[in-house]
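# Structural description and commentary
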Amino acid sequence: MAPPVRAPRLTPSHDFALVLGGGGAKGLAHIVVIEALDELGIRPREVAGTSIGAIVGACYCAGMSGAEMRDHALGVLRMKPDVLRALFAARVGRFSDILRGGLTNPVLVDAEKLLAAFLPPAVPETFESLVTPLTVVATDYYARVDVGFADGPLVPAVAASMAIPGAIRPVRHRGHVLIDGGTINPVPVDRVTAAVTLAVDVLSESGTERQIDDIIPEPWDAIFGSVTLMMQVLSAIRLAEHRPTIHLRPPVDAFRVLDFLRAGEIMTACEPVKDEVKRRLTLALEAIPAEPAIGESL
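Just so we're clear, the structure is a prediction, and the values are computed from it rather than from any experiment.

Reading the values: rules and limits
- Residues numbered from 1 in each chain as written.
- Predicted model: local features only at pLDDT ≥ 70, side-chain atom pairs only at ≥ 80, totals over all residues.
- Heavy atoms only, no water.
- Helix = DSSP H or I, 4+ residues; strand = E, 2+ residues; numbered from the N terminus.
- Contact = heavy atoms within 4.5 Å.
- Areas by Shrake-Rupley, 256 points an atom, 1.4 Å probe, with all protein chains shown as cover.
- Axes fitted to C-alpha atoms, helices over the stretch in contact; angles between N-to-C directions.
- Parallel < 35°, antiparallel > 145°, perpendicular 65-115°, else oblique.
- Left-handed = near helix turned anticlockwise from the far one by under 90°.
- Nonpolar A, V, L, I, M, F, W, Y, C, P; charged D, E, K, R; others polar.
- Polar contact = N/O pair within 3.5 Å; in protein donor to acceptor, adjacent residues only side chain to side chain.
- Core = buried A, V, L, I, M, F, W, Y, C linked by side-chain atoms within 4.5 Å.
- Buried < 20%, exposed > 50% of the residue type's maximum accessible area, 1.4 Å probe, protein only.
- Disulfide = S-S within 2.5 Å.
- Arc of directions from axis to C-beta.
- pLDDT = per-residue confidence, 0-100.
- Phe/Tyr/Trp six-rings, centres within 6.5 Å; stacked < 30°, edge-to-face > 60°.
- Lys NZ or Arg CZ within 6 Å of the ring centre and 35° of its normal.

## Regarding the overall build of the protein chain
For the protein chain, the helix and strand inventory stands at 10 helices and 8 strands. Long-range pairs, those at least 24 residues apart, make up 76% of the contacts in the protein chain between residues at least 6 apart in sequence. Element-wise, carbon and sulfur atoms account for 58% of the exposed surface of the protein chain, whose accessible area totals about 15,200 Å².

## Things to note about the packing of helix 1 (residues 29-40) against helix 10 (residues 273-286)
Where helix 1 contacts helix 10, the axes come no closer than 9 Å and their chain directions differ by 55 degrees. With respect to helix 10, the axis of helix 1 lies oblique. Regarding helix 1 and helix 10, the two cross each other, and that crossing is right-handed. Residues Val32, Val33, Glu35, Ala36, Leu37, Glu39 and Leu40 of helix 1 touch helix 10, and the partners they reach there are Val273, Lys274, Val277, Lys278, Leu281 and Thr282. Its residues assigned to classes, the contact of helix 1 with helix 10 shows 8 nonpolar, 1 polar and 4 charged.

## Quick notes on the side chain of Lys278
By the secondary structure assignment, Lys278 is in helix 10. Here the side chain of Lys278 touches Glu39 through a polar contact of 2.4 Å, side chain to side chain.

## As for the environment of Cys59
Tracing the sequence through the fold places Cys59 in helix 2 (residues 52-61). C-alpha separation for the pair Cys59 and Leu130, spaced 71 residues apart in sequence, amounts to 9.1 Å. Among residues more than four places away in sequence, those in contact with Cys59 are Met64, Met69, Leu119, Pro120 and Val123.

## Comments concerning the nonpolar core
Of all hydrophobic cores here, the largest spans 71 residues; its most connected members are Leu18, Leu134, Leu198 and Leu281. Beyond its immediate sequence surroundings of up to four residues, Leu281 is in contact with Phe16, Leu37, Leu40, Ile42, Val196, Leu198, Ile246 and Glu276. Val187, Val189, Ala199 and Leu239 belong to the second largest nonpolar core, which has 9 residues in total.

## Details of the environment of Glu128
Assignment of secondary structure puts Glu128 in the loop between helix 6 (111-118) and strand 3 (134-140). As a C-alpha pair, Glu128 and Leu154 span 26 residues in sequence and 8.8 Å in three-dimensional space. Polar contacts involving the side chain of Glu128 include one to the main-chain amide nitrogen of Gly152, which spans 3.1 Å.

## Here we look at the environment of Met267
Note that Met267 resides in helix 9 (residues 263-269). On the basis of relative accessible area, Met267 is assigned to the buried category, the value being 0%. Between the C-alpha atom of Met267 and that of Leu28, which follows or precedes it by 239 residues, the distance is 6.5 Å. Among all residues touching Met267, those that are not within four sequence positions of it are Leu28, Ile31, Val32, Arg70, Ala73 and Leu74.

## With respect to the state of the cysteines
By definition, a disulfide links the sulfur atoms of two cysteines through a covalent bond. Under the defined criterion, the tally for this structure stands at 0 disulfides. With no disulfide partner, Cys59 has as its closest neighbouring cysteine sulfur the one in Cys61, 9.6 Å distant.

## What about helix 3 (residues 66-76)?
Those residues of helix 3 lying buried are Gly66, Met69, Arg70 and Ala73. When helix 3 is viewed along its axis, its buried side chains cluster within an angular range of 100 degrees and face the same direction.

## Focus: the packing of helix 1 against helix 3
Running from amino to carboxyl end, helix 1 crosses helix 3 at an angle of 150 degrees, the nearest separation of the two axes being 8 Å. Of the possible angle classes, the one that applies to helix 1 and helix 3 is roughly antiparallel. Residues Ile31, Val32, Ile34, Glu35 and Asp38 of helix 1 pack against Gly66, Ala67, Met69, Arg70 and Ala73 of helix 3.

## Observations concerning the confidence of the model for the protein chain
In this model, the protein chain carries an average pLDDT of 82, and 74% of its residues clear a pLDDT of 70 or more. Below a pLDDT of 50 lies the segment residues 94-106, which in the model reaches 14 contacts outside its immediate sequence neighbourhood of four places, other chains included. The low-confidence segment residues 292-298, where pLDDT is below 50, has 1 contact with residues more than four positions distant or belonging to other chains.

## A word on the packing of aromatic side chains
Summed over the entire model, instances satisfying the criterion amount to 1 aromatic pair. Considering the side-chain rings of Tyr141 and Tyr142, the 5.0 Å spacing of their centres and the 85 degrees angle between planes classify their relative orientation as edge-to-face. For Tyr141, a relative accessible area of 47% puts it in the partly exposed group. The ring of Tyr60 is capped by Arg43, whose NZ or CZ atom sits 4.2 Å from the centre of that ring.

Next up, the structure:
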């Protein structure tokens, strides 16, 4: 049996950052990681998030606990008819558009309307009202660069960060036309500066064996699977350039990007990562050299 994890004996202002990557429903694993931080009794100095990571990050930085986020997620995603109604209400296209325009997506979703239906009331309107500093990463479609937002209106930035091409309409915000941050920066480790970085990457393979077959994927699976493949490649490059102190890969390989209705299964499957988070983060934080107290000689 592994020895019990000791909470780090540090001041409340822990010099570590939490980075939450994109990956659709797989990113519900972030909630389990936050529960582990709550159990340790510590919070990061700063948080950065992309796509689902931006959504979970906004909830966390608003002051919600991991348990509160779990309850909210299970509540809003429990009833399939309610979820479908919310998606239908948030769509911007019409099925008749496909006959008129040919290429218009009749199920294209307005991200801000979708967030209005699913975000908990605790999430404020501005970054400045958050308890913990947050950077939300989106992609400027025309400039072809990732953009970080850390002040001003919160919901438009989060909406832009989750605007998956082909499924969610791009967002106009602060002079940019923005799409999903994961198209360029899936795990934004370069957006934080703390001494210790815990990066939660739900796109990288966690080591489970994959079965290879010749089944042709359904259209939506092919679209989102292709986007995921692109994000995996980009994530590997970015993580190689900016290595986090801890690169955590929860066991979510068995789930799909759109498996939100399996929220309970996803979080249950990720329960084992709690011990890993506690052990690795404790060791990393205790390795930070202590700053001398005022008046103490060096």
